Amino acid sequence: MLANDIIQPKKRTDEYYEFIGEANECIREYINSSTDFFNYIENKSKSVSLKKKLADFFVVSQEDSGITINYQARYYNTLQAFETMLNDANAKLKLIWNKDGHIELSVEPIINYSEKLQFDNDYNLQIIAKKDINQCNHCIGLGKGDLQERQVVHVFKINDQYLELSEIDDDSMIPSELNTMTYDYSNVESIQELIDGTKTKLKEAQTDNSLEITFDNLSPEIGDIVGAKEYITGISMQKPIVQKIVKCTFEKDYTDCDIDYKVGD
C-alpha cells in the first residue's frame, strides 16, 4: 500500500510535505494524517473518507529511534520517499507483523555487516560466482558524415570509468586487450553529443557480475549492507539488501521456510 500512496502537501499554501524531527514520530504523523485533497477549481480543500486508509493497515513504533530526519516531498511515491529520507539518515524502515494484525513500522540504523564480516572462500561457504569475461571495453562511435569526413570517437571502459580518447592523459591506461563494438549515431548534432551517446551505449552493453552465497548464521534486514568476495574470479561486492523473499513449503506434518536476499539495484 505504501507503494501505491502519494505524498501531497498538507495545505494549498505548502510547497512540500515536510518530515522534520524524530523519524518514527514523523512517519506516524503521516500514516495517521487525514486525507485532504485540494480542489484547484473551487480553491478549497475537501476531506475524503476512504475505505482503506494507511492507518487501517499500519502502526508505527512509539519508541524513540534516536534518528532525526529533515526531508521534503511533493507528489512523490510514499515508499520511495520513506526509503530515500531514511537512507539519507543512514537508517532503514523495518516492517513486522504484530499480534493485532497490523504491520508495524519502525526506523532503525542501517547495519553495515561488511565492516566486520566479508563472506569469502575462507568460510567454506557455497559461493557461485558469475563473471562475463567477454564484456566490451571499447566502443567506436560513428557520427554524421561520410568516409574521411565522418565523425569518429573512441570510448574506453577503464576500471569503472568511461573515457573518450581525448580524455585519457596516460595511454598506458587503455586496456591491452580490447573487445570492441560500434555505435552508429549518424543524425547526431555535435561531437559532444556523439561522445555522450557512445559512453551511454558502452555502459548499456555491460552485464553485471554476480555472487550467490548460501549462509545460515546471519539475519540481515532490508537496507543493511553486506560484502562478499570470490577469490578465483576476483569478484567483490558491497551492496545494500533490497529484497527479502521468504519461500515456504507446507506439508501435512512439515513446514520448511527459506529466506532469499537480493542485493543491489
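If you're wondering where the values come from, they're calculated on a predicted model, not measured in any experiment.

### So, unusual backbone geometry
If you check the backbone angles, Leu-147 has positive phi at about 50 degrees while not being a glycine. If you trace the backbone, Leu-147 turns up in the loop between strand S12 (138–142) and strand S13 (152–158). Overall, Leu-147 belongs to the exposed group, its relative accessible area being 76%. One non-glycine residue, Asn-159, lies in positive phi territory at about 60 degrees.

### Some points on the sheet that holds strand S8 (residues 91–97)
One open sheet accounts for three strands, arranged S5-S9-S8; its pairing is mixed. With one partner strand each, in any of the chains shown, strand S5 (58–60) and S8 form the two edges of the open sheet. For this sheet, the mean angle separating the axes of adjacent strands, direction not counted, is 35 degrees. As paired elements, S8 and strand S9 (residues 103–109) share seven bridges and run antiparallel to each other. The partner of Leu-95 across the bridge, within S9, is Leu-105. Taken strand by strand, helix H2 (residues 78–88) contacts S8 and S9, and its axis lies near 130 degrees from that of S8.

### Describing the side chain of Asn-98
Topologically, Asn-98 is positioned in the loop between S8 and S9. Of the polar contacts made by the side chain of Asn-98, one reaches the backbone nitrogen of Asp-100; its length is 3.0 Å. Here Asn-98 is in contact with Val-59 and Glu-104, once residues within four sequence places are set aside.

### A few points about the pattern of salt bridges
In total, this model carries three salt bridges according to the counting rule given. A salt bridge links Arg-150 to Asp-184; its shortest N-O distance comes to 2.9 Å. Residue Arg-150 is located in the loop between S12 and S13, and its partner Asp-184 is located in strand S15 (residues 180–184); the two are separated by 34 residues in the primary sequence. Among the salt bridges present, the one from Lys-199 reaches Glu-167, with a minimum N-O distance of 3.0 Å. Of the two residues, Lys-199 sits in helix H3 (residues 191–204) while Glu-167 sits in the loop between strand S14 (161–164) and S15, which places them 32 residues apart along the sequence. On the accessibility criterion, Lys-199 (15% relative accessible area) is buried. The class for Glu-167 is partly exposed, based on a relative accessible area of 37%.

Criteria and thresholds
- Residues numbered from 1 in each chain as written.
- Predicted model: local features only at pLDDT ≥ 70, side-chain atom pairs only at ≥ 80, totals over all residues.
- Heavy atoms only, no water.
- Helix = DSSP H or I, 4+ residues; strand = E, 2+ residues; numbered from the N terminus.
- Buried < 20%, exposed > 50% of the residue type's maximum accessible area, 1.4 Å probe, protein only.
- Pairing = 2+ DSSP bridges.
- Axes fitted to C-alpha atoms, helices over the stretch in contact; angles between N-to-C directions.
- Contact = heavy atoms within 4.5 Å.
- Polar contact = N/O pair within 3.5 Å; in protein donor to acceptor, adjacent residues only side chain to side chain.
- Salt bridge = Lys/Arg side-chain N within 4 Å of Asp/Glu carboxyl O.

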